[in-house]
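Residue strings, one per chain:
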Amino acid sequence: MNFNDYGLMATFKSAKDLVHAAEKIRDAGFKNWECYTSFPVHGLDKAMGYPRSMVGAFTLTGGLTGFVVGTLMIWFMNAFDYPLNVGGMPFFSFIFPFPVMYEMNILFAAFGTLGGMFILNRLPRHHHPLFENQKFLKCSDDRLAIVIEVIDPKYDEIETQKFLKDLGATEVETVQDDN
Amino acid sequence: MSATTSEVDKPDPAIMAKVQPAHLEPRPLVENNRDYAWITDKICRIVEEKTPTWWWACFAVACMTASFTVMGLIYLVATGVGVWGLANPVNWGWAIVNFVFWIGIGHAGTLISAILCLLKQKWRTSINRAAEAMTVFAVVCAAIFPVFHVGRIWFAWFLFPLPNSNWLWPQFRSPLEWDVFAVSTYGTVSVLFWYMGMIPDLATIRDRATTKFRKLFYGLFAMGWRNANNHWRNFEGAYLLLAGLSTPLVLSVHTIVSFDFAVAQLPGWHTTIFPPYFVAGAIFSGFGMVLTLMLPLRSIYRLHDLINQQHIDNMCKITLATGTIVGYAYSMEFFIAWYGSNPYEGFAFINRAFGQYWWAYLTMISCNVISPQLFWFKAVRENPAVVWIISIFVNVGMWFERFVIACTSLANDFMPSSWGYYSPTIIDILTYFGTFGVFSVLFLLFIRFLPIMPMAEIKMVLPESDPHHGDEHH
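Calculation rules
Residues numbered from 1 in each chain as written. Chains lettered and ligands numbered in written order. Predicted model: local features only at pLDDT ≥ 70, side-chain atom pairs only at ≥ 80, totals over all residues. Helix = DSSP H or I, 4+ residues; strand = E, 2+ residues; numbered from the N terminus. Rg over C-alpha atoms; globule rule 2.2 N^0.38 Å. Buried ≥ 20, exposed ≤ 12 C-beta atoms within 10 Å, placed from the backbone. Contact = placed C-beta atoms within 7 Å. Axes fitted to C-alpha atoms, helices over the stretch in contact; angles between N-to-C directions. Parallel < 35°, antiparallel > 145°, perpendicular 65-115°, else oblique. Left-handed = near helix turned anticlockwise from the far one by under 90°. Nonpolar A, V, L, I, M, F, W, Y, C, P; charged D, E, K, R; others polar. Expected span 1.5 Å × (residues − 1). Bend = angle between axes of the 7 residues up to and from the residue. Pairing = 2+ DSSP bridges. Core = buried A, V, L, I, M, F, W, Y, C linked by C-beta atoms within 7 Å. Domains from an automatic or database assignment.

A. Region of the structure containing the overall build of chain B. Tallying secondary structure elements over chain B gives 16 helices and zero strands in all. What you see for chain B is a C-alpha radius of gyration of 24 Å, in line with the 23 Å of a compact globule of 474 residues. Taking the principal axes of its C-alpha atoms as reference, chain B extends roughly 80 × 65 × 45 Å. Taking all 474 residues of chain B together, 47% fall into the buried category. Nonlocal contacts in chain B, meaning residues at least 24 apart in sequence, comprise 82% of its contacts between residues at least 6 apart.

Structure (structure tokens):
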């Protein structure tokens, strides 16, 4: 094994082959591996053994924050800091400013969702060993690939290469990590 | 799809033998069996090729048109709001009409990207990105009017939750203040949704980039997207959640816009039908605009395989459905005005149709209710030129709808002694005319520099992307 290696990249012919290969790799007990496709492949999450995305937690946090911030803002402005008497109506109620609280809720929830997607994906990350490989860049076009990293405890240069070939990979090659 | 058909959906085989249903192949969403590489190349090429001559010509015309808005606004700020035709009793003229018109246009973009996504309408994929761009640019055009109608725009920050010079805060009981939050949230969330959907496509352009600038520019905005399945998992989760958030948002925005009118006591405005009626109208006008934009785009870039007859058919049918809902709302308003027995309300509606603005009402009815009815005919839907002309009628009609609502009610309210007649000034007209230039400038920049279709989503609806592709139907 070379210390400059990042992993093995196996290319598959179709989404179907990729999903079947992913199931086998999951069952073989690999941990540090990933599928690269230019579009989300249905059923791949299950094939890779991924649980449901946690983005929803960020959305919920954002949404609740937005609603509370909106409520406190209106209460502070129209009932506390400068009580504003409009036709003798109550200074604060949950009803009259509801549209504002609601919009704040959605605004913060949307920021939470986008931020959550970035945090969970560990993005932005502009440098990655895979970007140095010209063939990998085709993954955003039409290449369907699986990369098993060298740091995986089950990784073995010869054995894993053979394993990937047996799974129906059309091409298996080593990806360098030059950094 | 065979993969999603559950046991319950399956008909009894005994009945099937008797009925002998015809086997209809669903029309493919991408025609001519295009593969992944073709889609990537088709969409990226638009960004990568040399700027076409027609683009420069259109861009020059758009810039010149936009200059009318710029000059109109400079003149307004330098002189005062009096340069617009607003005067007692019509203090809400073209400014509010144009605002509601543009905000309404935006709604189809969110409908396509969010509501049709939740409804799993796969045909939306190819028109989704351009429609979202339309939303963002329409909100920009809409925002010009409320900001500048205050005249002294250096006080426009009074709209925001900041203490003014007398340490007073905004008043949250007013629908106008709700509108500030609704429209700014709508604009922001639309940009977020649009941008997030674009990240994988920006990464594709980055990976194909041959020039340093392109690598830097698209690379920066792609945020290091690697197309990993883990990325897609969170992306899809986030996309679905944003769609779920945008759906109530888009409905709330036009509802709140309609509150600007409906909360007032004025006959013709003070009606509970306004929120659903405004939302239907907004989607109607937005689809009109989507057709107006997508049909020329499809011809110029030869996108017929991606936007095929099925897409146009569906858009025409939605236009027809929403146009009919709008027509129903017009008649229901009349019915309620009569049924409610309020003489002022009754007068407001008779006056709308037969009063001094009868020509606006007639334009509205013929463009919004009558012209989309032609979409019942297949021959009409299959003729892009005719569809395009009807889409223009829809745009015109919806502008007149807002004019009819805003101006007729104000011009003839409770007391005949305070009646008036509103006419726009040349500044009004040119400022509004210029916003089409502003919109076109932004849209042209979009089609030149950004991926006009979501490549990843289109690839996803190809039959070979289904992991069960080629399996026996079970």
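B. Structural context of the overall build of chain A. Across its full length, chain A holds six helices and four strands. Its helices and strands in sequence order give chain A the pattern β-α-β-α-α-α-α-β-α-β, from N to C terminus. By the compact-globule yardstick of 16 Å for 179 residues, chain A is too spread out, its C-alpha radius of gyration being 25 Å. Based on the C-alpha atoms only, the size of chain A along its principal axes is roughly 80 × 35 × 30 Å. Counting all 179 residues of chain A, 42% fall into the buried class. Within chain A, residue pairs in contact and separated by at least 24 positions form 82% of the contacts whose partners lie at least 6 positions apart.

C. Representation of the packing of helix 5 (residues 125-148) of chain B against helix 6 (residues 175-208) of chain B in the model. All names here are of chain B. The contact between helix 5 and helix 6 brings their axes to 10 Å, and the two run at 150°. In terms of axis orientation, helix 5 runs roughly antiparallel to helix 6. Both helix 5 and helix 6 take part in a crossing whose hand is left-handed. Facing Arg129, Glu132, Ala133, Thr135, Val136, Val139 and Ala143 of helix 5, the residues of helix 6 in contact are Val183, Tyr186, Gly187, Ser190, Val191, Phe193, Trp194 and Gly197. Here the contact of helix 5 with helix 6 is built from residues that sort into nine nonpolar, four polar and two charged.

D. The arrangement of helix 9 (residues 274-300) of chain B in detail. Residues and elements named next belong to chain B. For helix 9, spanning 27 residues, the distance from its first C-alpha to its last is 39 Å, which sits close to the expected 39 Å at 1.5 Å a residue. The element helix 9 is largely enclosed, with a buried count of 20 among its 27 residues. After helix 9 finishes, the residue arginine 302 shows a positive phi value of roughly 50°.

E. Summary view of helix 3 (residues 55-81) of chain A. In a regular helix each residue adds 1.5 Å, so 27 residues correspond to 39 Å; helix 3 of chain A covers 37 Å between its end C-alpha atoms and thus fits that length. By the largest-angle criterion, A:Trp75 marks the main kink of helix 3 of chain A, which is about 30°. Among all positions in helix 3 of chain A, only A:Val55, A:Phe58, A:Thr59, A:Gly62, A:Gly63, A:Gly66, A:Gly70, A:Ile74, A:Met77 and A:Asn78 are buried. Those residues of helix 3 of chain A that are buried are in contact with helix 4 (98-120) of chain A together with helix 8 (229-262) of chain B.

F. Broad picture of the sheet that holds strand 2 (residues 33-36) of chain A. Residue and element names in this part refer to chain A. Across the sheet, four strands lie side by side as 2-3-1-4; this open sheet has antiparallel pairing. Two strands in the sheet have a free side with no partner beyond their single neighbour: strand 2 and strand 4 (171-176). Averaged over all pairs of adjacent strands, the angle between their axes in this sheet comes to 25°, without regard to strand direction. With four bridges joining them, strand 2 and strand 3 (residues 144-149) adopt antiparallel strand pairing. Residue pairing for strand 3: tyrosine 36 is matched across the bridge by alanine 145.

G. Quick look at the nonpolar core. A:Leu18, A:Ala22, A:Ile146, A:Val147, B:Met134, B:Ala138 and B:Val290 are the most contacted members of the largest nonpolar core, which has 181 residues in total. Here the element with the most residues in this core is helix 4 (residues 94-118) of chain B; it accounts for 16 residues. Both domains that meet at this core, namely domain 1 (5-51 + 127-176) and domain 2 (55-120) of chain A, each give it at least three residues. Among residues more than four places away in sequence, those in contact with B:Ala138 are B:Trp102, B:Ile103, B:Ile105, B:Gly106 and B:Phe439.

H. Representation of the domain arrangement of chain A in the model. Structurally, chain A comprises domain 1 (5-51 + 127-176) and domain 2 (55-120). If you average the C-alpha positions of domain 1 of chain A and of domain 2 of chain A, the two centres end up 44 Å apart.

I. Main features of the interface of chain B and chain A. In this assembly, 54 residues from chain B lie in contact with 58 residues from chain A. Elements supplying a minimum of two residues to the side of chain B that touches chain A: helix 2 (36-48), helix 6, helix 8 and helix 16 (455-460) of chain B. Counting residues per element, the side of chain B that touches chain A draws most heavily on helix 8 of chain B, at 16 residues. Its residues placed into classes, the side of chain B that touches chain A shows 28 nonpolar, 17 polar and nine charged.

J. Spotlight on the environment of B:Phe181. Here B:Phe181 is to be found in helix 6. For the pair B:Phe181 and B:Leu442, spaced 261 residues apart in sequence, the C-alpha to C-alpha distance is 24 Å. For B:Phe181, the contacting residues outside a window of four places in its chain are A:Pro99, A:Val100, A:Glu103 and A:Met104.

K. Summary view of unusual backbone geometry. Following A:Leu123, the chain continues into A:Pro124 via a peptide bond in cis, with omega recorded as -5°. Checked against the element boundaries, A:Pro124 lands in the loop between helix 4 and helix 5 (134-137). For the peptide bond that leads from B:Asn88 to B:Pro89, omega is 0°, which places it in the cis range. Looking at the element boundaries, B:Pro89 is found in the loop between helix 3 (53-79) and helix 4. Despite not being glycine, B:Met223 has its phi angle at roughly 60°, a positive value. For B:Met223, a count of 18 C-beta atoms within 10 Å translates into the label partly exposed.

L. Spotlight on the environment of B:Leu444. Residues and elements named next belong to chain B. Inspection of the secondary structure assignment puts leucine 444 in helix 15 (residues 426-449). With 386 residues separating them in the primary sequence, leucine 444 and cysteine 58 have C-alpha atoms 8.0 Å apart. Setting aside residues no more than four positions away along its own chain, leucine 444 makes contact with Trp55, Cys58, Phe59 and Ala62.

M. Summary view of the pairing of strand 1 (residues 5-12) of chain A. Residue and element names in this part refer to chain A. In terms of residue burial, strand 1 counts as a mostly covered element, since seven of its eight residues are buried. Bridge count between strand 1 and strand 4: six bridges; the pairing is antiparallel. Opposite methionine 9, over in strand 4, you have glutamate 173 as the bridge partner. When strand 1 meets strand 3, the two strands line up antiparallel, connected through six bridges.

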